[in-house]
Amino acid sequence: MGTAVKVKTITMREAIIEALVEEMERDPSTVLFGEDVGKFGGINAITKGLYEKFGGQRVFDTPIAETTIVGAALGMAITGLRPIPELQFGDFVGIAFDEVFNKLGKWRYMHGGQMEVPVTLRLPVGIAGGAGPEHSQSPQALFMHAPGIHIAIPSTPADAKGLLKTAIRDNNAVLFFEHKLLYGMKGDVPEEEYLIPLGKADVKRVGTDVTIIATALQVHTALNAANTLAKDGIEAEVIDPRTLAPLDMDTILASVRKTGRVLIVHEEPKTGGCGAEIAAQIAEKALFDLHAPIKRIGSPDVPIAQSIYLEQFYRPSENQIIEVVKELLEY
Amino acid sequence: MAEIYQKEIKLSDYRKEDLIKFYREMVKIRKFDEHLIRLMHEGKVSGFYHSGIGSESVSVGSITNILRDEDYIFYNHRGCNQKIAKGVPLSKIYGDFLGTVEGTTRGLGAGIVHSADPSRGVLGQCGTIGSQFNIVVGTAYSAKLRGTDQVSVCYFGDGAASREPLHGSLNWAGLYKLPVVYICENNGYAISSTFEETHSVREHLADWAWGYGIPSCVVDGNDVLLMQEVVKEAVERAKLGEGPTFIEAQTFRHRGHFEGDAYDYVDKAVLNDWKENRDPIKSFKKKLLENQYCTENDLLNVDEEVEYEIHAAIKVAENAPLPEPNRIFEGLYA
């Protein structure tokens, strides 16, 4: 954000609510639904006040039926509405997998480009509070394999608001992943209306020695690690792709060519995480700019334990990042 | 429990031109199908086709003169019947099967599924059978929220009725009183497994809907006029905001599930009975002639006109070019 922009400090939860309210006021064809999103305001309190503001037709509680929620969203989208469904936990995308993987991104294409599918599906994800193996995952990378879908995964209140507004206005399906531990995190958000384009990464910290590419909560872990490393004279550049599809490889490659050292950090399992694709593209396009092997940190390839004590060990830590960065600098 | 729909129908309740129209539409569907199978045998079209022969009355009876262009349908796995009745040009459907740019997908290819014509309310179909149950509650909710009287009709077979989404869909449609008409084309078989082997029902599939508080009935799907009557009532209810209806139309397929299916799992005597005594076109023709609504010659003229129309459509579809290879990169994003 430019220095002249007037800002306010709010949580990501407040930023998301602002985006929803602004877009629903702007476009009467928007409709929001999901489990307990109405009067109750959502289990993460993301839809508080919307039912009262927009009424029970445009903001409604659904039965516990994820396949129907996403399928209905598709039906609404191809007949003139702009649905914003919520899955209570991102993990439940498994229940609606046919609708998300086989339908949302393909409906337009496989029917000859005759329809538009402006669905924004919100999915709260991430390890938070001992929720266990089916309420803690970060399944976003699965959908990098599903052509036609956009994937947003913001790390700050400002990004969440700007990206969500763009997602809602976009005439394609967008999966909007929100890390639950970020809901309460505060940040500066412009007072004036703004949009953030899909497919534009953000350099969260400028550095010269190593490039750290991180998503969601891990952007903050990476920034903390970078500040610690700076005390040892190591300047890390931290890049947040913000959307995995489209993926802004230009920004990533420019940084890689500058630093020659890359670490990718995400909360989803290392195998097949978004880091796998990003690393492959870096290897394809900038291998000879590298001074060291590409490194990745993800959660281990085992289900997430329910224990609130054990779950912390799945999450990439500041120490892990510092350790790997120092290893990269030995080359 | 679902009622068995019965009604005394006099041909004189219908205008003669409408009766001839029903006949014409059913013949069009059958001839379309027969010529498509011919194209398969000529090696021009792949064998992934589910023939709708024997059930034309289910589609004509539920669409012709009842549904408007702005009403939505999701067709079933024998869905060319419904696409044709809804008015999708024959050349476009043939074009999808042949993979030429004349097709509704402009060369991507389609047929059993993925042909679409939104201008006529044909919103496409899922390759994963039965997933339309979820989508149709969205189109119906949309019509309701936008304040239109558009009706969404969801076609499916008894096989698709096994899918879990049917129950999610019935729950939503009943709960939100959505303008949906469910039309189950029950031909007794999924592929080889029978309806009885794969469904737990009191007696009929339509009984399930009764459990959701949705009016339901079982009807002889091979009686085109009976279908007209029952569907008109359901569509009227939907338009008046009285919610969904579930209609189980009993029918039988004359051919296997797919072309090449030996179809040896059905009792030959049963199949012959349906072909000889319960063929929807034969029966309707007999009724028209017996009641002297038209002459044999009148109907032969219709047959010939339709035959000509089919040939012309195939010519248009065949003469259109195949797409350029880069067609695959077009139309992914809006």
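Since this is a predicted model, take the numbers as computed values, not measurements.

Draft legend 1. Expanded view of the overall build of chain A. Scanning chain A for helices and strands turns up eleven helices and 14 strands. On C-alpha atoms alone, chain A measures out to a radius of gyration of 20 Å, which is about the 20 Å that the 2.2 N^0.38 rule sets for 331 residues. Along the first, second and third principal axes, the C-alpha atoms of chain A reach 60 × 45 × 40 Å. Burial analysis of chain A (331 residues in total) assigns 63% to the buried set. Surface exposure of chain A reaches about 12,100 Å², of which carbon and sulfur atoms provide 53%.

Draft legend 2. Structural view of helix 2 (residues 50-58) of chain A. Within helix 2 of chain A, burial applies to Leu50(A), Phe54(A) and Arg58(A). Axial view of helix 2 of chain A: buried residues confined to an arc of 65°, hence all on one face. Taken together, the buried residues of helix 2 of chain A touch helix 1 (12-26), strand 2 (30-34) and strand 3 (59-61) of chain A together with helix 5 (132-145) of chain B.

Draft legend 3. Fine view of the sheet that holds strand 2 (residues 72-74) of chain B. Residues and elements named next belong to chain B. On the basis of which strands lie adjacent, the open sheet formed by six strands has the order 1-5-6-4-3-2 and parallel pairing. The strands lining the two open edges of the sheet, one partner per strand, are strand 1 (3-4) and strand 2. When strand 4 (residues 180-186) meets strand 6 (residues 245-250), the two strands line up parallel, connected through six bridges. Across the sheet, residue Asn186 finds its bridge partner in strand 6, namely Gln250. Those strands touched by helix 2 (residues 56-63) are strand 3 (152-157), strand 4 and strand 6, and its axis lies near 165° from that of strand 4.

Draft legend 4. Just the UniProt feature "domain: Transketolase-like pyrimidine-binding" (unreviewed entry) in chain A, in detail. Those residues carrying the UniProt feature "domain: Transketolase-like pyrimidine-binding" (unreviewed entry) are residues 10-185 of chain A in this numbering. Summarising residues 10-185 of chain A: 35% helix, 18% strand, and an end-to-end C-alpha distance of 8 Å.

Draft legend 5. Representation of unusual backbone geometry in the model. A cis amide bond, omega -5°, links Ala245(A) with the succeeding residue Pro246(A). Relative to the helices and strands, Pro246(A) resides in the loop between strand 12 (243-245) and helix 8 (249-259). The backbone of Asp36(A) sits at a positive phi, close to 60°, despite the residue not being glycine. For Asp36(A), the location among the structural elements is in the loop between strand 2 and helix 2. Residue Asp36(A) is classed as partly exposed on the basis of its relative accessible area, which comes to 35%. Its identity is not glycine, yet Gln292(B) carries a phi of approximately 55°, on the positive side. Among the structural elements, Gln292(B) can be located in the loop between helix 11 (280-290) and helix 12 (296-319).

Draft legend 6. Representation of the pattern of salt bridges within the structure. In total, this model carries 49 salt bridges over all chains according to the counting rule given. For Lys28(B), the salt bridge identified is with Glu25(B), shortest N-O distance 3.2 Å. Of the two residues, Lys28(B) and Glu25(B) are both situated in helix 1 (residues 16-41); the distance of three residues between them amounts to about one turn of the helix. Both residues of the pair, Lys28(B) and Glu25(B), belong to the buried class. Across the salt bridge formed by Arg68(B) and Glu70(B), the nearest N and O atoms sit 3.8 Å from each other. Judged by its relative accessible area of 23%, Arg68(B) falls in the partly exposed class. Within the structure, one salt-bridge network assembled from shared partners comprises Lys8(A), Glu18(A), Glu22(A), Glu23(A), Arg26(A), Lys161(A), Lys165(A), Arg169(A) and Glu193(A).

Draft legend 7. How the structure looks around the packing of aromatic side chains. Residues and elements named next belong to chain B. According to the stated counting rule, one finds 22 aromatic pairs over all chains in the structure shown. Taking 5.4 Å as the distance between ring centres and 80° as the angle between the ring planes, the aromatic pair formed by Tyr49 and Phe97 counts as edge-to-face. Note that Tyr49 is positioned in the loop between helix 1 and helix 2 and Phe97 in helix 4 (residues 90-98), a separation of 48 residues in sequence. With respect to class, Tyr49 is no different from Phe97; both count as buried.

Draft legend 8. Inspection of the sheet that holds strand 9 (residues 202-205) of chain A at higher detail. All names here are of chain A. Taken in spatial order, the five strands make up an open sheet running 9-11-10-13-14, and their pairing is mixed. Where the open sheet ends on each side, the last strands, each with one partner, are strand 9 and strand 14 (295-299). Here the strands of the sheet are splayed against their neighbours by 25° on average, with no regard to which way each runs. Inspection of the sheet shows strand 13 (residues 262-269) paired to strand 14 by four bridges, in the parallel sense. Bridged to Leu263 within strand 14 is Lys295.

Draft legend 9. Summary view of the interface of chain B and chain A. Between chain B and chain A, the contact holds 39 residues from the first and 42 residues from the second. When chain B packs against chain A, the two sides together hide about 3,200 Å² of surface, and 64% of this comes from carbon and sulfur. At the junction of chain B with chain A, the criterion picks out 18 residue pairs in polar contact (both at pLDDT 80 or more). Of all the secondary structure elements, the ones that give two or more residues to the side of chain B that touches chain A are strand 2, helix 5 and helix 6 (165-175) of chain B. Considering each element in turn, the side of chain B that touches chain A owes the most residues, eight residues, to helix 5 of chain B. Residue classes in the side of chain B that touches chain A are distributed as 18 nonpolar, 16 polar and five charged.

Cut-offs used in this document
Residues numbered from 1 in each chain as written. Chains lettered and ligands numbered in written order. Predicted model: local features only at pLDDT ≥ 70, side-chain atom pairs only at ≥ 80, totals over all residues. Heavy atoms only, no water. Helix = DSSP H or I, 4+ residues; strand = E, 2+ residues; numbered from the N terminus. Rg over C-alpha atoms; globule rule 2.2 N^0.38 Å. Buried < 20%, exposed > 50% of the residue type's maximum accessible area, 1.4 Å probe, protein only. Areas by Shrake-Rupley, 256 points an atom, 1.4 Å probe, with all protein chains shown as cover. Arc of directions from axis to C-beta. Contact = heavy atoms within 4.5 Å. Pairing = 2+ DSSP bridges. Axes fitted to C-alpha atoms, helices over the stretch in contact; angles between N-to-C directions. UniProt positions renumbered as here; feature names shortened; annotations may be inferred. Salt bridge = Lys/Arg side-chain N within 4 Å of Asp/Glu carboxyl O. Phe/Tyr/Trp six-rings, centres within 6.5 Å; stacked < 30°, edge-to-face > 60°. Buried area = accessible area lost by both parts, 1.4 Å probe. Polar contact = N/O pair within 3.5 Å; in protein donor to acceptor, adjacent residues only side chain to side chain. Nonpolar A, V, L, I, M, F, W, Y, C, P; charged D, E, K, R; others polar.

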